[in-house]
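Results of the structural survey
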Amino acid sequence: KNEVEQSPQNLTAQEGEFITINCSYSVGISALHWLQQHPGGGIVSLFMLSSGKKKHGRLIATINIQEKHSSLHITASHPRDSAVYICAVPYYGGSQGNLIFGKGTKLSVKP
Amino acid sequence: EAEVAQSPRYKITEKSQAVAFWCDPISGHATLYWYRQILGQGPELLVQFQDESVVDDSQLPKDRFSAERLKGVDSTLKIQPAELGDSAMYLCASSSRLFWGTGELFFGEGSRLTVL
C-alpha cells in the first residue's frame, strides 16, 4: 500500500506552459517535502512545507493538511525544468523520523 | 557550496562480486542516510546513522549488505555478493541534526550500480 501517491506519473509540456503535479498522502504529517531529481540522479530539496503556500522563483508549492494533499506548480515552464519531481512525507517508525517517498512525476518540457 | 560526496558515480559488476560505495556527508552533519532507488521508484531507506551509531537498519538486507560509519563522518555501504536485483541507484543523504522530517536533507549525486 502506497502511503504517498503522485499524479501524473509522466507529464510532457510545451515551454511556457503552467504545470501542476499533485501529491496525496494517507499518514498524518508534520511537513511535506518536494524534491527534484535530475537525469544524472542527484536530488535537490525544493520545498518543505507544513501549511499554506511557499514560492521560490517560478515554483509554487501548496498544501492542504485537512485534505492530505499538496501540489507543486511551475509557471512559465522551461526545458531546464525537465526532471523527476518527488513528494515525500515523514514516517515516524523506528526511533526517528524518516521520509516516505512517492514514485515521482517525470516532467519533460519541450522547447 | 558544501555538498554530499559519493563515489563511484557508476559501477558495473558481475553477479556474486563484492561492491562498495562511499559517502562523505556535509561537514558537521551528524545524521547520514543510505537510500536505494530502483528505476521508476522513489528512494527507500536502507540504513540511518546518527554519528557512528546505526539508528535504523530494519530494511537493510543484512545477509549481503553492510554499512559502517566508524568515526561518525564518512560512510561505506558494501554488498557481497551482488545479485541482479541489486541494480539500482544508491543515494546518500545527510542532515545537520536529528531528522524528524521537518529539517532539510542534502543528497549526494548517487552511485548507479549495474549487476550483470
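Residues numbered from 1 in each chain as written. Chains lettered and ligands numbered in written order. Predicted model: local features only at pLDDT ≥ 70, side-chain atom pairs only at ≥ 80, totals over all residues. Heavy atoms only, no water.

Here the focus is the overall build of chain B. Each helix and strand counted, chain B has 0 helices and 11 strands in total. In sequence order, chain B lays out its α and β elements as β-β-β-β-β-β-β-β-β-β-β. In terms of overall dimensions, chain B is globule-like: its C-alpha atoms have a radius of gyration of 13 Å, near the 13 Å expected for 116 residues. With the principal axes as the frame, chain B shows a C-alpha extent of 40 × 25 × 25 Å. Looking at chain B alone, contacts between residues at least 24 apart form 53% of all its contacts between residues at least 6 apart. Surface summary for chain B: the accessible area is close to 5,800 Å², and the carbon and sulfur share equals 49%. When the 11 basic and 16 acidic side-chain charges of chain B are each reduced to a single mean position, those positions are 4 Å apart. (Helix = DSSP H or I, 4+ residues; strand = E, 2+ residues; numbered from the N terminus. Rg over C-alpha atoms; globule rule 2.2 N^0.38 Å. Contact = heavy atoms within 4.5 Å. Areas by Shrake-Rupley, 256 points an atom, 1.4 Å probe, with all protein chains shown as cover. Lys, Arg positive; Asp, Glu negative; His and termini not counted. Charge placed at Lys NZ, Arg CZ, Asp CG, Glu CD.)

Residue and element names in this part refer to chain B. Assignment of secondary structure puts Val4 in the segment before β1 (5-7). As for Val4 and Val55, which are separated by 51 residues in sequence, their C-alpha atoms are 20 Å apart. Every residue in contact with Val4, bar those within four places of it in the chain, is listed here: Cys23, Asp24, Pro25, Ile26, Cys92, Ser94, Phe106, Phe107, Gly108 and Glu109.

On to the sheet that holds strand β3 (residues 19-24) of chain B. Residue and element names in this part refer to chain B. Reading across the sheet, the 4 strands line up as β1-β3-β8-β7 and stay open at both edges, with antiparallel pairing between neighbours. The open sheet has two edge strands with one neighbour each: β1 and β7 (65-68). Between one strand axis and the next, the sheet turns by 15° as a mean value, whatever way the strands run. Bridging between β3 and strand β8 (residues 75-79) involves 5 bridges; their strand directions are antiparallel. (Pairing = 2+ DSSP bridges. Axes fitted to C-alpha atoms, helices over the stretch in contact; angles between N-to-C directions.)

A few words now on the nonpolar core. Ranked by internal contacts, the top residues of the largest apolar core, which has 24 residues, are Leu32, Trp34 and Val89 of chain A. Sorting the residues of this core by element identifies β3 (19-25), β4 (32-37), β5 (43-49), β7 (59-64), β8 (69-74), β9 (83-91) and β11 (105-110) of chain A as the ones contributing at least two each. Setting aside residues no more than four positions away along its own chain, Leu32 of chain A makes contact with Cys23, Tyr25, Phe47, Met48, Leu49, Ile63, Ser70, Cys87, Ala88 and Val89 of chain A. Cys23, Leu60, Phe65 and Tyr90 of chain B belong to the second largest nonpolar core, which has 20 residues in total. (Core = buried A, V, L, I, M, F, W, Y, C linked by side-chain atoms within 4.5 Å. Buried < 20%, exposed > 50% of the residue type's maximum accessible area, 1.4 Å probe, protein only.)

Attention now moves to the pairing of β8 of chain A. Two faces belong to every sheet, and in a regular strand the side chains alternate between them. Residues and elements named next belong to chain A. In terms of residue burial, β8 counts as a mostly covered element, since 5 of its 6 residues are buried. As paired strands, β3 and β8 are joined by 6 bridges and run antiparallel to one another. From the neighbouring strand, Ser24 faces β8, where its bridge partner is His69. Direction of pairing for β7 relative to β8: antiparallel, over a ladder of 6 bridges. Bridge pairing in β8 links Ala61 to Leu72.

By themselves, these figures tell us nothing about what the structure is for.
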